[in-house]
Amino acid sequence: MSIRLGAIIAGLGIVGILFFWSLLPGAINYAPPEKPDYYAFKEKPIAPEGGFSFEGPFGKWDNAQLQRGYQVYKEVCAACHGLKFVAFRNLSELGYSEAEVQAEAANWTVPGIDPNTGETTTRPGKPTDQFPSPFANDVAAAAANNNAIPPDLSLMTKARKDGTNYVYSLLAGYGEADPEIAATVPEFETPAGLYFNKYFSNVNIAMAPPIVIDGQVTYADGTEATVNQMSADVAAFLTWTAEPTLVKRKQTGWPVLGFLLFATILAYLSKKQIWAGLKPKKK
Amino acid sequence: MSFAWAKQYEPKNDFTKWIDEKLPLPRLVYNAVGAGYPVPRNLNYMWNFGVLAGFCLMIQIITGVILAMHYAANTEVAFATTEHIMRNVNSGWLMRYAHANGASFFFIVIYLHIFRGLYYSSYKAPREMIWLLGVVIFLLMMATAFMGYVLPWGQMSFWGAKVITGLFGAIPLVGESLQTWLLGGFAPDNAALNRFFSLHFLLPFVIAGVVILHIWALHIPGSSNPTGIEVKKESDTVPFHPYYTAKDGFGLGIFLLAFTFMVFFLPNMLGHPDNYIEANPLSTPALIVPEWYFLPFYAILRAFTDDLTIPFTGIVLIQAKLLGVIAMFGSILVWFILPWLDKSPVRSGHYRPMFKKFFWFGLIPCMALLTYCGGAPAEQPYVLLSQIATAYYFLHFLVILPIVSQIEVPKPLPYSITESVLGSDDAAPGNSASSGAKGAGEAGSLQPAE
Amino acid sequence: MADANEANEGVRRRDFIHVAALSTAGVGAAASALPLVTQMAPSADVLAESTTDVDVSAIEAGQSIKTIFRKQPLFVKRLTPEEIAEANEVDVADLRDQESLTDRLGEGNEDILVTMGVCTHLGCVPLGAAEGENKGEYGGYFCPCHGSHYDSAGRIRKGPAPTNLVVPDFAFTSESVIRVG
């Protein structure tokens, strides 16, 4: 009895402390959080028209799109953003031949060591090299970019909620601050050096619009390079960099599930058979 | 196991006889999970989760040992080696996703196992020791899971480590030194990462050891069952093999279907995007949340928002931070005294109308609410909701359970397990009437749960 | 009679389902063991072919340099005329691993000997690449671990090593630079 009585007293004590010292004051001063009003204009990522080929349980990479996306990365993003977990040799997965990968790698300059003096220098890339970072270190990156460090993009689409659509929406979603904001939040103003983007976490992003006009990139395959097209292509490419095994994973999944379904049905029949002899004999 | 009718192991040839004399391991297995272990014949599918939990532990140990072959516990490279596993190692992505989702499924299985125990009062005498060891396993699992989450050295890893070790900082006088000692520094860094890796590798084997004790303790009184009445005679039981090996095999198939579906098609659903950003000691994520299986306890931690003061004097007796930590640990520690809080002679929730209502309409929604609030930002109305749910949680175990078990009038129990399955039992007194006795509602027909 | 037949049939069908279930489980276990084994094989980054460029213009006759090719030591040596003559004098048919000097140097290569610095016996690094090291009884390389002697063409002449020092694929990318791999 004593342990139960003790428990009841202890329980009432804990709940009493919680009620009188935390819950009650909280309830009396009840105030939902105040967020800057312009947060209401932040929007969830949207998908490009037609979505992406790799989505869904049967999705596959669209190599042409990945190659276009790589071109956009190379010509636009790479000036500020690295891709440190991806090696040039990985490009062969986008449908490039071995020779093309070698030539592509050689187009990039990577850090190296002078074999005679041992001093740091640069050399053309080899397929085994990782993509180089555009800045020597974070301090250099911050100094060159108004104190905002451009993040590495290798994992970007996995590091954001709904990442592929987020990258697409962010790139295609720059614009003047909604006039409605000015109407509802008169004091709102995008700080100097920042840019309004309704898909960014706090609607003001340090990155200047990278993809600004149609035809900024000339696609080798003749696809019309609209802003939306370029944004979608690079979003697809960055999905691949974040998870090169995405399609392989899904393709492995189906046979595994099929086999397990088969095995589970057999296990069920076997179990039923074994238990059959024990069935309740209703009188 | 002591039922007189338990089948005896009989070595069939000279070799097995020789083994049986020198090291009777086959006999041990036979008596533990073979035909030599008589089990109540009426176990439902909620009794599958013990075996499944063992299977989960195995998945985690196998995939974990493999990941450790490719991972390096150094803050410079930890994040990169994790990506190396995902990109370069043969089937590395499969190993890592299986390990990460395996942790989640381990907790799903364990929670179902625990809540089965709570509903059917499996913790009551004579099975208190099984329950206590189970709570120990759960605590070890939480420690292991927490340290494992730190290893990829992403943003959530780092800030999770900082926040959780910060809990120990709440302890008066020694707290701060304790936190520094745990981390081997003033913030999570190489020292912390390395010791977490070491302990994360060690603890699963400790868990495996306690699991053996858990099963040993189970085999002394034998398995409980959905009616909660004890086994009386041979017709109440069936041998574990082949009856429950077959049933567990089927359950395992269902489990694996769900598990592999997550691994192959939604591997990051239960994770957090921020952990794909490398740890950055200079920038805290907007919302730090632990893995989903810690959310109820995290909500309890955050429910205490104000210091305990002497009214109108401003003298602080206990800081809010410490109150939260005490409540969070207390919420699991109450499980240690559970067998002595619930004095009802009836075990199964089926036959306890009042207990059943509090379980389904009190405890379960309370846990759901706590989980939800734990994942929400620390602002209104979530704080208020988590405070209400926290209050109910403690009331349920410490106040409601003892009182309900005192005043509740249970429904009449069947005479035996055999009767509950077959509808009648030839051995029951006045057996022809026994099936009709269900509606009689006489407390006198209760079986004392010795 | 008919009953007994039916019972037999039943028994067989019952056994069949258990056997099928167990063998399927066995196949599943074996299949899932496969990735557990293959994960230990070299990973993609290790397998990725890599090349090493070596500037040979600074190597004088009789000298060699030690560099690294795919995480293993590589010897690049410019042979002296005497060494070339010595190596050509040997009757190839008498060798354990029958290769002539030209086989080892390759087309259009007069005097640059490129070999792995890995003894073919058990993998130690032979001596003889650096100035003043023991070059063995045949004036090439000598492995101190178990006493394998290689001649000036890196061919095994005495000791336990089964084959000549391995010559990796290489080509001249210019007058003075070779690309190995």
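Residues numbered from 1 in each chain as written. Chains lettered and ligands numbered in written order. Predicted model: local features only at pLDDT ≥ 70, side-chain atom pairs only at ≥ 80, totals over all residues. Heavy atoms only, no water.

S.K.: Hey, could you run me through the interface of chain A and chain B in this one?
M.R.: For interface size, the figure often reported is the accessible area lost on association. With 58 residues of chain A at the interface, the matching set in chain B holds 66 residues. Each partner contributes to the roughly 5300 Å² buried at the junction of chain A and chain B, and carbon and sulfur atoms together form 71% of this total. Ranking the residues of chain A by area buried against chain B places Arg4, Trp21 and Arg249 of chain A at the top, with a combined share of 12%. Scanning the region where chain A abuts chain B turns up one salt bridge. (Contact = heavy atoms within 4.5 Å. Buried area = accessible area lost by both parts, 1.4 Å probe. Salt bridge = Lys/Arg side-chain N within 4 Å of Asp/Glu carboxyl O.)

S.K.: Would you explain the state of the cysteines in this entry?
M.R.: Throughout this description, disulfide means a covalent bond between two cysteine sulfur atoms. All names here are of chain C. Overall, the coordinates contain one disulfide over all chains when judged by the stated rule. Across the disulfide, cysteine 124 is cross-linked to cysteine 145 (sulfur-sulfur distance 2.0 Å). Negative torsions about the S-S bond denote left-handed disulfides, and the value of about -100 degrees found for cysteine 124 with cysteine 145 makes this one left-handed. In this pair, cysteine 124 is assigned in the loop between β4 (112–116) and β5 (139–143) and cysteine 145 in the loop between β5 and β6 (148–151), connecting sequence segments 21 residues apart. (Disulfide = S-S within 2.5 Å. Helix = DSSP H or I, 4+ residues; strand = E, 2+ residues; numbered from the N terminus.)

S.K.: Help me understand the interface of chain C and chain A in this model?
M.R.: With 14 residues of chain C in contact, the opposing surface of chain A contributes twelve residues. Roughly 1100 Å² is buried in total at the junction of chain C and chain A, and carbon and sulfur atoms are behind 70% of that figure. When the area that chain C buries against chain A is broken down by residue, the three leading residues are Ile17, His18 and Thr24 of chain C, summing to 41%. Along the contact surface separating chain C from chain A lie two residue pairs in polar contact (both at pLDDT 80 or more). (Polar contact = N/O pair within 3.5 Å; in protein donor to acceptor, adjacent residues only side chain to side chain.)

S.K.: So what exactly am I meant to see when it comes to the sheet that holds β4 of chain C here?
M.R.: Strand pairing in a sheet is mediated by backbone hydrogen bonds. Such pairs are either parallel or antiparallel. Residue and element names in this part refer to chain C. Read from one edge of the open sheet, three strands run β2-β3-β4, paired in antiparallel fashion. Each of the sheet's edge strands pairs with one partner strand only, and the pair in question is β2 (64–69) and β4. Across the sheet, the axes of successive neighbouring strands diverge by a mean angle of 25 degrees, strand direction being ignored. The sheet contact formed by β2 and strand β3 (residues 72–78) spans six bridges and is antiparallel. Within the sheet, the bridge partner assigned to threonine 67 lies in β3 and is leucine 74. (Pairing = 2+ DSSP bridges. Axes fitted to C-alpha atoms, helices over the stretch in contact; angles between N-to-C directions.)

Purely geometric numbers; function is a separate question.
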